[in-house]
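Summary of structural features
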Amino acid sequence: MDARETLETRETEVHEIDVAGLPTPEAQGMILRELRTLTERATPFAAVLLMPAPDERPSGTPATDRIRALKELRPGLTAHCRGLAFVAPADILEERAKAIHSGDKLWGCPTTATQDAEAARAWARSR
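For the structure given in this document, a descriptive report is provided here. All of these numbers come straight from a predicted model, not from anything done at the bench.

1. Topic: the pattern of salt bridges
- Applying the stated criterion to the full structure yields 4 salt bridges.
- Two residues, Glu13 and Arg41, come together in a salt bridge whose shortest N-O distance is 3.0 Å. One end of the pair, Glu13, is in strand β2 (residues 12-18); the other, Arg41, is in the loop between α1 (24-40) and β3 (45-50), and 28 residues separate them in sequence.
- Here Arg41 falls in the partly exposed class, since its relative accessible area comes to 39%.

2. Focus: the pairing of β3
- Burial within β3 is extensive, with 6 of its 6 residues counted as buried.
- Residues Phe45, Ala47 and Leu49 of β3 are buried on one face, and the alternating residues Ala46, Val48 and Leu50, pointing to the opposite face, are buried as well.
- Pairing analysis gives 6 bridges linking β2 to β3, with the strands arranged parallel. Following the sheet pairing, Glu16 is matched in β3 by Val48.

3. Considering the environment of Leu38
- Its location among the elements puts Leu38 in helix α1.
- Remark: the alpha-carbon pair of Leu38 and His15, spanning 23 residues in sequence, is separated by 8.8 Å.
- Setting aside residues up to four positions removed in sequence, Leu38 forms contacts with His15 and Phe45.

Procedures and definitions
For every chain, the first residue of the written sequence is number 1, and numbering continues from 1 onward in sequence order. With the structure being a predicted model, the display of local features is reserved for residues of pLDDT at least 70 and the display and counting of side-chain atom pairs for 80 or more, all residues being used for whole-chain, interface and lining totals. Each side-chain value is worked out from all heavy atoms of the structure, with water and hydrogens disregarded. We count a salt bridge whenever a side-chain nitrogen from Lys or Arg sits within 4 Å of a carboxyl oxygen from Asp or Glu. The helix count covers DSSP runs of H or I at least four residues long, the strand count covers runs of E at least two residues long, and both are numbered beginning at the N terminus. Burial classification: accessible surface area is computed with a 1.4 Å probe over protein chains only, and a residue below 20% of its type maximum counts as buried, one above 50% as exposed, and the rest as partly exposed. One bridge is not enough; two strands pair if DSSP finds at least two bridges between them. In this analysis, two residues are considered to be in contact whenever any of their non-hydrogen atoms come within 4.5 Å of each other.

None of this, on its own, says anything about what the molecule does.
Written out as structure tokens, the structure is:
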């Protein structure tokens, strides 16, 4: 599965990371890896993240490890990311919803969330 798709939009590239069919732990790992790759390129970008349905009992990497990895990514996201648009089901867990909507505090860049992939793509292109 190729998780990345790039659309050229002025000087900011819009990348799509599709993890919708993956279990939550795999999806979280792939998102962190893809965002790390994008920040290492050191060029402006926005990303649309197609999120998986919620797991009843998520497992995998402990939350502290994911938070540590995100903290390491934050400077690169702040410098290069123009926005993250999450496409998530309406019934995501409250903890995941808070993380998605935490924008600059957690991610270091603006975020938005929607259930509509086209709306997310439009938002990302406008960044």
